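Chain by chain, the residues:
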Amino acid sequence: MTPYMQGLVVRDKGATPTVEELRLPEVGPGQVRVRIKAAGVCHSDLSMVNGTLSPPHPLVLGHEAAGEVVEAGAGVTRVRAGTHVALNWAPPCRACWFCTHDEPWLCAAANVAALENGITLDGSPVHVTLGLGAFAEQVVVPEKAVIAVPDELAWESAALLGCAVLTGTGAVRNTARVAAGSSVVVIGLGGVGLSVVSAARAAGAAAVIAVDVSAAKKALAEAAGATDFVVSSENLSKDVRALTSRLGADHTFECVGRAATIRAAWRTTRRGGQVTVVGMGGADDMVELSALDIFNSARTLRASVYGSSDPDREVPELAQDVMSGALNLDHLITDRITLADVPAAFDRMSRGEGARSVVIF
Ligand SMILES: [Zn+2]
Ligand SMILES: [Zn+2]
């Protein structure tokens, strides 16, 4: 018999997520069953429940997680029972145009917002977030959606590598390629924004100006390595210019996903500088820039999807960095919670409090 387990489900649009009894499918060929040990509460999960995104329901939330493989299906080669893994919410197919042109983060076959994978609630199929549905005691996923990590790596660190840390670090290293000596502004200090701050500092940025609407984020920003902290206001571009020889920053990272903050990022960047949008926003939130401004500012505006990374290569590298002490994630985790506490964690996130809440199983 397939096992029952608990998972966090949104039954309908606007409904509060509730812990439900779910039934797992049999593990098929090429699939693995993973017992989840830690799962981070990501802003994309909040977007699934607050109306920013319109996923199908009922939906098992969660996509930033790590756990132990408990069963490997026929033909599985990359892991076996007992392997510690981080989950990958956009596993590349390695065959499409993007994958064969060194852009696996844009894989045409990945990035499914929610799909049915055989898990049932009251006998009916449910959808799972990003093909994972990791706010659950177990998941059944294709083997390409798991990445082996060292046994010595803490579960909560391994969980964060799969979304916040890979996204934030990749935005700095792969997308923007921040050079030593650069000035960097980071707008929005959640788990991803704080990872951008740390990675920018590690890349040798001379100034890392962390920006948030909440003054309470100052200590977190400094723990992540920010050289300056600014509370976001109408005067943001003036405040940044005062810290960057009147020029504006070489790089601004927008880690919120709103038109207003993308505009703010544009204005805090120097002429010829780069704006990297890391936050995922809504389909009807329009960014307005004048044609003259686009020409005259000579700025680059682009997005970083999943850190422009190849998770299969970079998650193990980041795991080594954590274990060697080169990458410290301790300050990122501000709350350790249970599944039932996730709605309260969403409330804290909406109010701009804390960094990552991590569900510990
Ligand atoms: Zn995420
Ligand atoms: Zn592909």
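Please refer to the structure higher up on the page.
One structure accompanies this document, and this report is about it. (Residues numbered from 1 in each chain as written. Chains lettered and ligands numbered in written order. Predicted model: local features only at pLDDT ≥ 70, side-chain atom pairs only at ≥ 80, totals over all residues. Heavy atoms only, no water.)

1. Examining the overall build of the protein chain
From N to C terminus, the protein chain includes nine helices and 18 strands. Over its C-alpha trace the protein chain gives a radius of gyration of 20 Å, about what one expects of a compact globule, namely 21 Å for 361 residues. With respect to the principal axes defined by its C-alpha atoms, the protein chain has extents near 65 × 40 × 40 Å. The buried share among the 361 residues of the protein chain stands at 55%. Taking the contacts inside the protein chain whose residues are at least 6 apart along the sequence as the reference set, 69% of them involve residues at least 24 apart. (Helix = DSSP H or I, 4+ residues; strand = E, 2+ residues; numbered from the N terminus. Rg over C-alpha atoms; globule rule 2.2 N^0.38 Å. Buried < 20%, exposed > 50% of the residue type's maximum accessible area, 1.4 Å probe, protein only. Contact = heavy atoms within 4.5 Å.)

2. Looking at the sheet that holds strand β15 (residues 269-277)
Pairing in this open sheet of six strands is parallel, and the strands run β13-β12-β11-β14-β15-β16 from one edge to the other. Edge strands, defined here as strands with exactly one partner in the open sheet, are β13 (228-231) and β16 (300-303). For this sheet the average axis-to-axis angle between neighbouring strands, irrespective of direction, equals 20°. Sheet strands in contact with helix α2 (residues 155-176) are β14 (249-254), β15 and β16, and its direction is about 130° off that of β14. Contacts from helix α6 (residues 259-268) reach β11 (183-187), β14, β15 and β16 within the one sheet, and its direction differs from that of β15 by about 150°. (Pairing = 2+ DSSP bridges. Axes fitted to C-alpha atoms, helices over the stretch in contact; angles between N-to-C directions.)

3. Focus: the packing of α2 against helix α8 (residues 311-324)
At their nearest, the axes of α2 and α8 sit 10 Å apart, and the two run at 105° to each other. By the criterion of interaxial angle, the relationship of α2 to α8 is roughly perpendicular. For the pair formed by α2 and α8, the contact residues are S157, L161, V165, L166, T169, R173 and N174 on the first element and P311, E314, V315, L318, A319, D321 and V322 on the second. Within the contact of α2 with α8, the residues separate by chemical class into eight nonpolar, three polar and three charged. (Parallel < 35°, antiparallel > 145°, perpendicular 65-115°, else oblique. Nonpolar A, V, L, I, M, F, W, Y, C, P; charged D, E, K, R; others polar.)

4. Section: the coordination of the zinc ion (ligand 2)
Within the protein, the atoms that donate to the zinc ion (ligand 2) are C93 (SG), C96 (SG), C99 (SG) and C107 (SG), at distances of 2.3 to 2.4 Å. Viewed at the metal, the four donor atoms of the zinc ion (ligand 2) are separated by angles of 102 to 117°, and the geometry they form is tetrahedral. For the zinc ion (ligand 2), all donor residues lie on one chain, and their spacing in sequence is C-x2-C-x2-C-x7-C. Here C96 matches C99 in class, with each residue buried. (Donors = N, O, S within 2.8 Å, 3.2 Å for Na, K, Ca; no water. Tetrahedral: all angles 85-135°; square planar, octahedral: opposite > 155°, others 65-115°.)

5. Structural notes on the packing of helix α5 (residues 236-243) against α6
Relative to each other, α5 and α6 sit at 30°, their axes nearing to 9 Å. Judged by the angle between their axes, α5 and α6 are roughly parallel. Helix-helix and strand crossings are classified by hand; for α5 and α6 the assignment is right-handed. Of the residues in α6, those in contact with L236, S237, V240 and R241 of α5 are A264, R267 and T268. Looking at the contact of α5 with α6 residue by residue, the class counts come to three nonpolar, two polar and two charged. (Left-handed = near helix turned anticlockwise from the far one by under 90°.)

6. Here we look at α2
The end-to-end C-alpha distance of α2, which contains 22 residues, comes to 29 Å, matching closely the 32 Å that a straight helix rising 1.5 Å per residue would cover. Approximately 65° is the largest bend angle found in α2, and it occurs at L161. For α2, a buried count of 19 out of 22 residues is recorded, marking the element as mostly surrounded by other parts of the structure. Looking one or two residues past α2, R177 carries a phi angle of roughly 50°, positive in sign. (Expected span 1.5 Å × (residues − 1). Bend = angle between axes of the 7 residues up to and from the residue.)

7. Focus on unusual backbone geometry
In this model, H57 is joined to P58 through a cis peptide bond whose omega is -10°. Its identity is not glycine, yet D102 carries a phi of approximately 60°, on the positive side. By secondary structure assignment, the location of D102 is in the loop between β6 (84-87) and β7 (114-121). Despite not being glycine, Y306 has its phi angle at roughly 50°, a positive value. Tracing the sequence through the fold places Y306 in the loop between β16 and α8. Of the residues examined, Y306 reaches a relative accessible area of 4% and is grouped as buried.

8. Re the coordination of the zinc ion (ligand 1)
Protein coordination at the zinc ion (ligand 1): the donors are C42 (SG), H63 (NE2) and C163 (SG), at 2.0 to 2.2 Å from the metal. A relative accessible area of 4% places C42 in the buried class. When its relative accessible area of 4% is taken as the criterion, C163 is described as buried.

9. Some words on the environment of V60
Here V60 is to be found in strand β4 (residues 59-60). Put simply, V60 and L115 are 55 residues apart on the chain and 10.0 Å apart in space, counted from C-alpha to C-alpha.

10. Quick look at empty space enclosed by the protein
Under the counting rule described, the total for this entry stands at two cavities of 30 Å³ or more. Of the voids in this model, the largest cavity is the one considered here, and its volume is about 50 Å³. Looking at the lining of the largest cavity, the elements that each hand over two or more residues are α2 and α3 (191-202). Per-element tally for the lining of the largest cavity: the top contributor is α3, with three residues. Class assignment for the residues of the lining of the largest cavity results in five nonpolar, five polar and no charged. The calculated volume of the second largest cavity comes to roughly 40 Å³. Per-element accounting of the lining of the second largest cavity gives the leading share, three residues, to helix α9 (residues 342-350). Residues of the lining of the second largest cavity, tallied by class, amount to four nonpolar, one polar and three charged. (1 Å grid on protein atoms, 1.4 Å probe; cavity = no way out; pocket = protein on both sides within 12 Å on 5 of 7 lines; lining within 4 Å. Points joined across faces, edges and corners; volume = space filled by probe spheres on them.)

Keep in mind these values describe shape, not function.
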